[in-house]
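Topology and contacts: notes
In case you want the letters, here they are:
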Amino acid sequence: MIDLQGFGPQLLEGVLMTLRLAAVSLFLGIIIGLAAAIAKMSSIRWLARGVDILTNLLRGLPELLTILILYYGVQNLFNAIFEDFVEVDGFTAGVAALSLVFGSYASETFRGAFLAIPIGQIEAAKSFGMSPFTVFRRIQLPQMWRYALPGLGNLWLVLIKDTSLVSVVGLQELMRKTQIATSVTKSPFTFYSVAALIFIAITVVSTLFLRWIEKKSRRGVRMG
Amino acid sequence: MDLISSLLELAQDYWPQFLRGLWTTVQLTVLSCLLGFCLAIPLALARLSKNWLISGPALVYSVCFRGSPLLVQVFLIYYGLPSVLLQFYGGDVPAMRESFFWPLLNAPFMLALIAFTLNTGAYMAEPIRGGIQSVPNGEREAALACGMSPRLLTRRVLLPRGLRIAIPALSNETILTMKATTLVSLVTMLDLMGAAGRAFTQTYDSKVYLVLVPFYLVLIWAIARIFALLEKRYNRYLVRKTV
């Protein structure tokens, strides 16, 4: 077995923090993505255009840069608003950056998924006298997930790996804990290999789960 | 307005540093993508092999490099590789300095290049594999009917057609690799991000990071343009003229 030199519990704590960061970012990211997708499809021109530019910007910038800009930017903003020193911790900055990036990518996935719903169903719902909001709530929203799931799955795998970048602003997640362990034990190869294996385990389990849930979402649907 | 003028001032003060960083970023992106592409072709072919002794290791490679964060891989190679080699030489530093590996270990750029090449090779192999798989079966059968051996079939039909199909996806991978080069700033290299980091430690003005935004947007635009030209050149037979 690999000798962790007593850093096992520390690494476990790091894993839990990584998972917590990823889960919160996923939840907020999906909400941001949905809102952005709806905004992009809205008939209000300036809103659609503005959100489009913003999501393209966030998709274009390196994630590391986004994290640093938000970490310092939010800090400065809070200091300016409250005219006092407010500490923004790594977790808040990490969640803000990761969920915004996730939401920007997801908005395109959601938009595609909404467009994939056959137009005939929407026309049928309208002809039943449903209001646009009811059509959205009863027809579009529930069916959209099936089309969005493969894309969201890929984004989740990217998100898991991007959590390691938040170590830069000092959040005690798996990557940061590994760095601390290597600086004490002076065996970087062992510890970075262990971190890599933990990440691989998380992504493999996620992939298997996604495959299962995609199959489940397709039950009762004839594909192809 | 206040913000823009202070950004311009920062850019003015540190532009030589930023330009040198930009050059490092461009070099690293171009070299790792070219080398990664060369690595991706045999990987994709190996993944498609019917012999599991060949496809199995390629699958493991793909899962390992696509399943763990690039940051971990960069640290593993940057800090881990030298320490393993040092152990191999029994902790004898002078002996390691004499060795064949020393020029490699002595240059952070080379270590970063190794990490990025291995990573982007794994990612690029996927669209290439998909491209080869989506070559129409009729073309494959026609080539076999002409009496081509499997090797000739791969060289003359599957690869040229598959790679052309993969061009748009490869452009995405190149953009992702370019974005990922920011990570080398964390292993003491002065790329664009590293240059901004150094300017930040000199000024304590976090706005330096905002100066980078246009740099990266221009880089992405350039990559997209280059691939659009490649597509126009190599996929010109696919262009459908709309009347």
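Rules used in this analysis
- Residues numbered from 1 in each chain as written.
- Chains lettered and ligands numbered in written order.
- Predicted model: local features only at pLDDT ≥ 70, side-chain atom pairs only at ≥ 80, totals over all residues.
- Heavy atoms only, no water.
- Helix = DSSP H or I, 4+ residues; strand = E, 2+ residues; numbered from the N terminus.
- Buried < 20%, exposed > 50% of the residue type's maximum accessible area, 1.4 Å probe, protein only.
- Areas by Shrake-Rupley, 256 points an atom, 1.4 Å probe, with all protein chains shown as cover.
- Lys, Arg positive; Asp, Glu negative; His and termini not counted.
- Charge placed at Lys NZ, Arg CZ, Asp CG, Glu CD.
- Contact = heavy atoms within 4.5 Å.
- Core = buried A, V, L, I, M, F, W, Y, C linked by side-chain atoms within 4.5 Å.
- Buried area = accessible area lost by both parts, 1.4 Å probe.
- Salt bridge = Lys/Arg side-chain N within 4 Å of Asp/Glu carboxyl O.
- Polar contact = N/O pair within 3.5 Å; in protein donor to acceptor, adjacent residues only side chain to side chain.
- Nonpolar A, V, L, I, M, F, W, Y, C, P; charged D, E, K, R; others polar.
- Patch = residues over 30% accessible without salt bridge, like charges linked within 9 Å, V, L, I, M, F, W, Y side chains within 5 Å.
- Axes fitted to C-alpha atoms, helices over the stretch in contact; angles between N-to-C directions.
- Parallel < 35°, antiparallel > 145°, perpendicular 65-115°, else oblique.
- Left-handed = near helix turned anticlockwise from the far one by under 90°.
- pLDDT = per-residue confidence, 0-100.

**Topic: the overall build of chain A**
Helix and strand counts for chain A stand at eight helices and zero strands. Written out in order from the N terminus, the α and β elements of chain A read α-α-α-α-α-α-α-α. When its C-alpha atoms are laid out on the principal axes, chain A stretches across 70 × 50 × 25 Å. Taken over 224 residues, chain A has a buried fraction of 44%. Only carbon and sulfur atoms are counted for the fraction: they give 66% of the accessible area of chain A, which is about 11900 Å². Positive and negative charge centroids in chain A, built from 20 and 13 side chains respectively, lie 16 Å apart.

**Description of the overall build of chain B**
In terms of regular secondary structure, chain B is built from 10 helices and zero strands. Going from N to C terminus, chain B has its helices and strands arranged as α-α-α-α-α-α-α-α-α-α. With the C-alpha coordinates aligned to their principal axes, the bounding extent of chain B is approximately 70 × 65 × 25 Å. Residues classed as buried in chain B amount to 45% of the 243 residues present. Across chain B, every contact between residues at least 6 apart in sequence was considered, and the portion connecting residues at least 24 apart equals 74%.

**Here's the deal with the nonpolar core**
Counting 119 residues, the largest nonpolar core has Phe-110 of chain A together with Ile-128 and Tyr-216 of chain B as its most contacted members. Contact partners of Tyr-216 of chain B, with chain neighbours within four places excluded, come to Leu-61, Pro-62 and Leu-65 of chain A together with Met-178, Thr-182, Asp-191, Leu-192 and Met-193 of chain B.

**A look at the interface of chain B and chain A**
Contact residues are listed per partner, giving 31 residues for chain B and 30 residues for chain A. Together chain B and chain A conceal approximately 2500 Å² of surface at their shared face, both sides included; 80% is due to carbon and sulfur atoms. It is Val-72, Leu-76 and Lys-179 of chain B in chain B that bury the most area against chain A; as a group they hold 21% of the surface buried on that side. The tally of links between chain B and chain A comes to one salt bridge. Notably, a salt bridge pairs Glu-63 of chain A with Lys-179 of chain B, separated by 3.5 Å at the nearest N-O pair. Where chain B meets chain A, there are six residue pairs in polar contact (both at pLDDT 80 or more). Where the side of chain B that touches chain A is concerned, the elements lending two or more residues are α2 (52-67), α3 (70-88), α9 (192-203) and α10 (208-234) of chain B. With nine residues, α3 of chain B is the single largest residue contributor to the side of chain B that touches chain A. Considered class by class, the residues forming the side of chain B that touches chain A number 22 nonpolar, seven polar and two charged.

**Let's talk about a nonpolar patch on the surface**
A contiguous nonpolar patch, built from Val-24, Phe-27, Leu-28 and Ile-31 of chain A and spanning about 340 Å² of accessible area, is present on the exposed surface. Looking at the secondary structure, you find Leu-28 of chain A in helix α1 (residues 8-41).

**Considerations on the environment of Ile-165 of chain B**
Residues and elements named next belong to chain B. Considering the arrangement of structural elements, one finds Ile-165 in helix α8 (residues 150-180). Under the relative-accessibility criterion, Ile-165 is labelled partly exposed at 33%. C-alpha separation for the pair Ile-165 and Ala-228, spaced 63 residues apart in sequence, amounts to 13 Å. Setting aside chain neighbours within four positions, we find Ile-165 in contact with Gly-131, Ser-134 and Val-135.

**Comments concerning the packing of helix α1 (residues 2-48) of chain B against α2 of chain B**
Packed helix pairs are specified by the crossing angle of their axes together with the interaxial distance, meaning the distance between the axes. All names here are of chain B. Contact pair α1 / α2: the axes reach a minimum separation of 7 Å and the direction vectors enclose 125°. Here α1 is positioned oblique relative to α2, judged by the angle of their axes. Note that α1 runs across α2; the crossing there is left-handed. Of the residues in α2, those touching α1 at Leu-39, Leu-43, Ala-46 and Arg-47 are Ile-54, Ser-55, Ala-58, Leu-59, Tyr-61 and Ser-62. Its residues assigned to classes, the contact of α1 with α2 shows seven nonpolar, two polar and one charged.

**Observations concerning the pattern of salt bridges**
Residue and element names in this part refer to chain A. Following the criterion strictly, the structure yields 11 salt bridges over all chains and no others. The partner of Arg-49 in a salt bridge is Asp-52, and the shortest N-O contact between them spans 3.7 Å. Taken as a pair, Arg-49 and Asp-52 lie in helix α2 (residues 45-60) at a separation of three residues, close to a single helical turn. Arg-49 gets classed as exposed once you look at its relative accessible area, which sits at 51%. Each of Lys-40, Arg-49, Asp-52, Glu-108 and Arg-111 takes part in a single network of salt bridges with overlapping partners.

**Quick word on the confidence of the model for chain B**
Residue and element names in this part refer to chain B. For chain B, mean pLDDT is 89; residues scoring 70 or higher make up 98% of the total. Taken element by element, chain B is modelled with least confidence in helix α5 (residues 102-105), mean pLDDT 74, and with most confidence in α2, mean pLDDT 94. We note a pTM of 0.89 for the whole complex and an ipTM of 0.87 for its interfaces.

**Thoughts on unusual backbone geometry**
Residue and element names in this part refer to chain B. Even without glycine at this site, Thr-188 takes up a positive phi of about 65°. Along the chain, the position of Thr-188 falls in the loop between α8 and α9. Positive phi outside glycine occurs at Tyr-204, with the angle close to 55°. Within the secondary structure layout, Tyr-204 lies in the loop between α9 and α10.

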